[in-house]
Amino acid sequence: MTLWIGLTGGIGSGKSQAAKIFSDLGVPHIDADALNRNLTADNGIALPAIRRLFGDKVFHTQNSLNRAALRDLVFRRPQAKKELEEVLLPLILNEIKSAKTRYPNAAYGIIDVPLLIENPEFLAAVDRVLVIDVSEATQILRVQQRSGLNTEEIKRIINTQASRKTRLLYADDVLENEGTLSELTKKIQGLHRFYSGLTLNQYGVASPCRTICTV
Ligand code: ADP
């Protein structure tokens, strides 16, 4: 039985970087954001439900979503955000379930879910939670370097996400990512050894212990 690790963290914490390092070690990686993008791509299977919810105004053509219009609608109306999530979450969960079946022999795999804590439905799809943790100052710096957003824009995104404290409450394992990329790689190699050695018991529980990962 494969152990599924939910990888999460705030914007700019290093989730994508960490997922890439796990992948380079040969660990199966399911990317919830990528699944979401496929569902809402041209002809994606979520499109009919989105059209039923919000109508033609969030579409370019019959089979092509106008992402900017949808983002704008969801930004202006919190209720619309909730309705969209109610449509998308079950579909993403279904995709995760089917993606898992592609790795019947893996000891463990990573499910990269940026908003794992914010959407508890996802918690049921994972066996352990790995939080990539950095300070807000580091988040801002790294997102600026990556995307050029300004500090205010980044803070606004951070404020829509679970707080650092809440996220850490859900963590089985915490990977502190304030150091260099080579330190991050070493920590992930350590976690890789740890996860490879864990097996699920008959209750689907890997281990009750919490791990703080240090180099
Ligand atoms: P997230 O997916 O959590 O939003 P990313 O993995 O994209 O974050 O990381 C944000 C930026 O910071 C990226 O440009 C990434 O390459 C960089 N980064 C991540 N971890 C480190 C690190 N330990 N040292 C230096 N840069 C890092």
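Computed from a predicted model, the values in this text were never measured in an experiment.

A. The arrangement of the overall build of the protein chain in detail. When helices and strands are counted, the protein chain shows nine helices and eight strands. Against the globule reference of 17 Å for 215 residues, the protein chain gives a C-alpha radius of gyration of 18 Å, in line with a compact fold. Seen through its C-alpha atoms, the protein chain measures out along the principal axes to roughly 50 × 40 × 30 Å. Put simply, the protein chain has 215 residues, and 43% of those count as buried. Nonlocal contacts in the protein chain, meaning residues at least 24 apart in sequence, comprise 72% of its contacts between residues at least 6 apart. Accessible surface, the protein chain as shown: approximately 11600 Å² in total, 53% of it carbon and sulfur. Charged side chains of the protein chain number 27 positive and 23 negative; the gap between the two group centres comes to 1 Å.

B. Expanded view of the domain arrangement of the protein chain. With domains assigned, the protein chain is organised as domain 1 (1-28 + 105-215) and domain 2 (38-102). Here domain 1 and domain 2 have C-alpha centroids that lie 25 Å from each other. When the two sides are added together, the surface that domain 1 and domain 2 hide from each other amounts to roughly 700 Å², 77% of it contributed by carbon and sulfur. Between the two partners, domain 1 and domain 2, sit zero salt bridges. Between domain 1 and domain 2 we count one residue pair in polar contact (both at pLDDT 80 or more) in total. For the side of domain 1 that touches domain 2, a count of residues per class yields four nonpolar, one polar and two charged.

C. Region of the structure containing the pattern of salt bridges. The tally for this structure, following the rule as stated, stands at nine salt bridges. The salt bridge involving Asp 133 is made with Arg 164; its shortest N-O contact spans 2.8 Å. One end of the pair, Asp 133, is in strand E6 (residues 128-133); the other, Arg 164, is in helix H8 (residues 164-170), with 31 residues separating them in the sequence. The exposure class of Arg 164 is partly exposed, given its relative accessible area of 40%.

D. Inspection of the site of the ligand at higher detail. Near the ligand, the surroundings consist of 14 residues, among which Gly 12, Lys 15, Ser 16, Arg 146 and Asn 177 are the closest. Note that a nitrogen atom of the ligand is positioned 3.4 Å from one of the side-chain N or O atoms of Arg 142. Compared with its free state, where it exposes 560 Å², the ligand has 80% of that area covered by protein. Here the shell around the ligand takes three residues from helix H1 (residues 15-24), the largest share from any one element. Partitioned by chemical class, the residues of the shell around the ligand number two nonpolar, nine polar and three charged.

E. Representation of the nonpolar core within the structure. Within the largest apolar cluster, 33 residues are counted, with the highest numbers of intra-cluster contacts made by Ile 50, Phe 54 and Val 58. For this core, the secondary structure elements donating two or more residues are helix H2 (32-39), helix H3 (47-54), helix H4 (67-76), helix H5 (78-100) and E6. At seven residues, H5 tops the list of elements feeding residues into this core. Both of domain 1 (1-28 + 105-215) and domain 2 (38-102) provide at least three residues apiece to this core.

F. H3, seen in detail. Of all the residues in H3, the buried ones are Leu 47, Ala 49, Ile 50 and Phe 54. In a view along the axis of H3, the buried residues occupy a sector of 160 degrees, so they form one face of it. Buried residues along H3 sit against H2, strand E3 (59-61), strand E4 (64-65), H4 and H5. Gly 55 lies just past H3 and shows a positive phi near 80 degrees.

G. Local environment of the packing of aromatic side chains. In this structure the tally under the stated criterion is four aromatic pairs. Ring geometry for Phe 194 versus Tyr 195: centroids 5.7 Å apart, planes at 45 degrees, classification tilted. Judged by its relative accessible area of 25%, Phe 194 falls in the partly exposed class. Positioned over the ring face of Phe 59 is Arg 51, at 4.0 Å from the centre of the ring.

Definitions and limits used
Residues numbered from 1 in each chain as written. Predicted model: local features only at pLDDT ≥ 70, side-chain atom pairs only at ≥ 80, totals over all residues. Heavy atoms only, no water. Helix = DSSP H or I, 4+ residues; strand = E, 2+ residues; numbered from the N terminus. Rg over C-alpha atoms; globule rule 2.2 N^0.38 Å. Buried < 20%, exposed > 50% of the residue type's maximum accessible area, 1.4 Å probe, protein only. Contact = heavy atoms within 4.5 Å. Areas by Shrake-Rupley, 256 points an atom, 1.4 Å probe, with all protein chains shown as cover. Lys, Arg positive; Asp, Glu negative; His and termini not counted. Charge placed at Lys NZ, Arg CZ, Asp CG, Glu CD. Domains from an automatic or database assignment. Buried area = accessible area lost by both parts, 1.4 Å probe. Salt bridge = Lys/Arg side-chain N within 4 Å of Asp/Glu carboxyl O. Polar contact = N/O pair within 3.5 Å; in protein donor to acceptor, adjacent residues only side chain to side chain. Nonpolar A, V, L, I, M, F, W, Y, C, P; charged D, E, K, R; others polar. Near = heavy atom within 4 Å. Core = buried A, V, L, I, M, F, W, Y, C linked by side-chain atoms within 4.5 Å. Arc of directions from axis to C-beta. Phe/Tyr/Trp six-rings, centres within 6.5 Å; stacked < 30°, edge-to-face > 60°. Lys NZ or Arg CZ within 6 Å of the ring centre and 35° of its normal.

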